[in-house]
Amino acid sequence: MLKGVTLFGIMKNPFAYGRVVEGTDYCPRPKIEKLLAGMLESGQNVVLHGERRVGKTSLAMRAARKRRTVYVDFLACNDAGDVTERIVKAALKAANDAGFLDTALKAFASLRPKVTIDPDNGSIGATLDTHASELTIDSIEAALEKLGELHKKKAIVVILDEFQDVLRIKDERVALARMRSVIQFQGDLPYVFSGSSRDKMEMIFSDPDSPFFKSAITIEVGAHAGLSFRNFLKRKFEKTNRKVGAGLFEAIDGLGVNVTGDVQQLCWALWLLSERGGTVGVDSVDEALDMIFQIERSKYEDAVLNVSATQLKVLVALAVHGGKGVYSADFKRSSGVSVVGTITKAIQRLEALRIVYRHRNEIRFANPFFGIWVRTRFA
Ligand SMILES: Nc1ncnc2c1ncn2[C@@H]1O[C@H](COP(=O)(O)OP(=O)(O)OP(=O)(O)O)[C@@H](O)[C@H]1O
Ligand SMILES: [Mg+2]
């Protein structure tokens, strides 16, 4: 019988990863939630800084859950029209969910939204009935102004996620300046700016030349670590009739898998390999890693095919030696690359490919499972 399949049917894997979590998939983070909710309450704009998959979006949604939330995702946005459309669509969706679509449609009428509603699930789609060439930075400004008008009628919270991707559009500095000029006069309408590209987010909010410099209070979101998260994971195993063996979470941590979403992903694989009534122990970790490698292998292979021989040497050394002290004698020996400039260039290329990122003085793998795979495959 397939694991995870019981006499009573298929038991759902209780671990969720790779998406925003809520409800029973969400492990509360009372302190930081309270801090963020308090700021939203007082109309304070906030920047959420944090590495990838630590739980920024889930946290923002959770802290705002008792309020009408306009959630806009700027991921890979292309131009001003795209940005405008995403803002309008998010506002209409929030309005539809909270039962004030008519009010929102009136507020956004000048941008000519064309709304479709899925008859099956009531979800809303919206495009702007305007020629793309008419949608400029002015339209972004107009859309933000409309959010302000809407807020006066029905109090809202706005989450601008993956905000750094505004930098992708043409005349991005002008766009940022105009966005800022609207947002700063919107009084108690709170904005949450979140993004997983730390350097770009810092460029927007911490560079004195940026229009958004010091325009919002920063909250650092770290990984959801510690006892409460471990107990949450443990309960998930136990509620589905699995015991957790001694030292399991310590072993996961020891592998360098300590970011919230990555830990959930490994637990997802461990659960899938486990059996009802069984114990999930340290001895299952290698098999769980193999399962993740199997799922992600083609992505990993593409990544290594995409780098030069020297970059690969540095990549393997990062996986084996770790990302601290990359100019040390040990690292040079481990990589076989002795010229500091060559190491720097290789790391820059790996950063550009988003394979690694810089965390204080350390170079880290964006995906720890890829790091472990590189180590087992090439070292
Ligand atoms: N509070 C939480 N409780 C349980 N799991 C969580 C929590 N927050 C995040 N996670 C785990 O992390 C994953 C990613 O969460 P989320 O998308 O909120 O993070 P993020 O920091 O916004 O990620 P990204 O950098 O990809 O935007 C979730 O799918 C889940 O596995
Ligand atoms: Mg996110």
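Residues numbered from 1 in each chain as written. Chains lettered and ligands numbered in written order. Predicted model: local features only at pLDDT ≥ 70, side-chain atom pairs only at ≥ 80, totals over all residues.

**Here we look at the overall build of the protein**
For step 1, the next point in the chain: Each helix and strand in the protein was counted, giving 15 helices and 13 strands.
For step 2, the next point in the chain: By the compact-globule yardstick of 21 Å for 379 residues, the protein fits well, its C-alpha radius of gyration being 23 Å.
For step 3, the next point in the chain: Seen along its three principal axes, the alpha-carbon backbone of the protein occupies a region of about 60 × 60 × 35 Å.
For step 4, the next point in the chain: Contacts in the protein between residues far apart in sequence, at least 24 positions, make up 72% of those at least 6 positions apart. (Helix = DSSP H or I, 4+ residues; strand = E, 2+ residues; numbered from the N terminus. Rg over C-alpha atoms; globule rule 2.2 N^0.38 Å. Contact = placed C-beta atoms within 7 Å.)

**So, the site of ligand 1**
For step 1, the next point in the chain: Residues in close proximity to ligand 1 total 22 residues, the closest being Gly55, Ser58, Ser196, Gly261 and Gln264.
For step 2, the next point in the chain: Taken together, the elements giving at least two residues each to the shell around ligand 1 come down to helix H2 (56–63) and helix H10 (260–273).
For step 3, the next point in the chain: Tallied by class, residues from the shell around ligand 1 come to seven nonpolar, 10 polar and five charged.
For step 4, the next point in the chain: Split by domain, the residues of the shell around ligand 1 number at least three in each of domain 1 (5–17 + 225–298) and domain 2 (28–220). (Near = placed C-beta within 6 Å. Nonpolar A, V, L, I, M, F, W, Y, C, P; charged D, E, K, R; others polar. Domains from an automatic or database assignment.)

**Comments concerning the sheet that holds strand S8 (residues 191–194)**
For step 1, the next point in the chain: Ordered by their spatial adjacency, five strands build an open sheet running S4-S7-S8-S3-S9, and the pairing between neighbours is parallel. Only two strands of the sheet have a single partner each, and these edge strands are strand S4 (68–73) and strand S9 (217–220). Along the sheet, successive strands turn relative to each other by an average axial angle of 20°, direction set aside. (Pairing = 2+ DSSP bridges. Axes fitted to C-alpha atoms, helices over the stretch in contact; angles between N-to-C directions.)

**A short note on the nonpolar core**
The nonpolar side chains of a soluble globular protein tend to be buried with one another.
For step 1, the next point in the chain: Ile87, Val88, Ala91, Leu147 and Val158 are the most contacted members of the largest nonpolar core, which totals 99 residues.
For step 2, the next point in the chain: By residue number, the principal contributor to this core is helix H3 (residues 80–97), which donates nine residues.
For step 3, the next point in the chain: Dropping the residues within four chain positions of it, alanine 91 is found in contact with Val70, Ala104, Phe108, Leu147 and Leu150. (Core = buried A, V, L, I, M, F, W, Y, C linked by C-beta atoms within 7 Å. Buried ≥ 20, exposed ≤ 12 C-beta atoms within 10 Å, placed from the backbone.)

**Quick word on H3**
For step 1, the next point in the chain: Over its 18 residues, H3 runs 26 Å from end to end, which matches the ideal 26 Å to within 8%, given 1.5 Å per residue.
For step 2, the next point in the chain: Counted residue by residue, H3 has 14 buried out of 18 residues, so it is predominantly covered.
For step 3, the next point in the chain: Once H3 ends, the next one or two residues include glycine 99, with phi positive near 75°. (Expected span 1.5 Å × (residues − 1).)

**Structural notes on helix H5 (residues 137–153)**
For step 1, the next point in the chain: Compared with the 24 Å implied by 1.5 Å per residue over 17 residues, the 25 Å span of H5 between its first and last C-alpha is a close match.
For step 2, the next point in the chain: Residues of H5 that are buried include every one of Ile137, Ser139, Ile140, Ala143, Leu144, Lys146, Leu147, Leu150 and His151, and no others.
For step 3, the next point in the chain: At its buried positions, H5 is contacted by S4, H3, helix H4 (101–107), strand S7 (156–161) and helix H6 (172–183).

**A few points about the domain arrangement of the protein**
For step 1, the next point in the chain: Examined at the domain level, the protein breaks down into domain 1 (5–17 + 225–298), domain 2 (28–220) and domain 3 (306–378).
For step 2, the next point in the chain: Placing the centre of domain 1 and that of domain 3 at their C-alpha centroids yields a distance of 28 Å.
For step 3, the next point in the chain: Of the residues lining the interface, eight residues belong to domain 1; the matching set on domain 3 comes to five residues.
For step 4, the next point in the chain: With four residues, the single largest contributor to the side of domain 1 that touches domain 3 is helix H11 (residues 285–305).
For step 5, the next point in the chain: Within the side of domain 1 that touches domain 3, the residues separate by chemical class into five nonpolar, one polar and two charged.

**Observations regarding the packing of helix H12 (residues 309–321) against helix H15 (residues 368–378)**
For step 1, the next point in the chain: With their axes 8 Å apart at the nearest point, H12 and H15 run at an angle of 105° to one another. It follows from the interaxial angle that H12 and H15 lie roughly perpendicular. Between H12 and H15, the contacting residues are Leu315, Val316, Ala319 and Val320 on the first element and Gly371, Val374, Arg375 and Phe378 on the second.
For step 2, the next point in the chain: For the contact of H12 with H15, the residue count by class is six nonpolar, one polar and one charged. (Parallel < 35°, antiparallel > 145°, perpendicular 65-115°, else oblique.)

**Digging into the environment of leucine 59**
For step 1, the next point in the chain: Assignment of secondary structure puts leucine 59 in helix H2.
For step 2, the next point in the chain: A residue is classified by how many C-beta atoms lie within 10 Å of it, and leucine 59, with 25 of them, is buried.
For step 3, the next point in the chain: Taking the C-alpha atoms as reference, leucine 59 lies 23 Å from arginine 364; in sequence the two are 305 residues apart.
For step 4, the next point in the chain: Excluding anything up to four places from it in sequence, leucine 59 contacts Arg29, Ile32, Glu33, Leu36 and Val221.

**Considering the packing of H12 against helix H14 (residues 340–352)**
Angle between the axes and distance between the axes: these two values describe a pair of packed helices.
For step 1, the next point in the chain: Taken N-terminus to C-terminus, the directions of H12 and H14 make an angle of 85°; their axes are 9 Å apart at the nearest point. Between H12 and H14, the interaxial angle falls into the category roughly perpendicular. Between H12 and H14, the residues in contact are Thr310, Gln311, Val314 and Leu315 and Thr342, Ile343, Ala346, Ile347, Arg349 and Leu350, respectively.

**Describing unusual backbone geometry**
For step 1, the next point in the chain: Non-glycine residue arginine 112 carries a positive phi angle of around 50°.
For step 2, the next point in the chain: Non-glycine residue arginine 360 carries a positive phi angle of around 50°.
For step 3, the next point in the chain: As for its position among the elements, arginine 360 is in the loop between strand S12 (356–359) and strand S13 (362–365).

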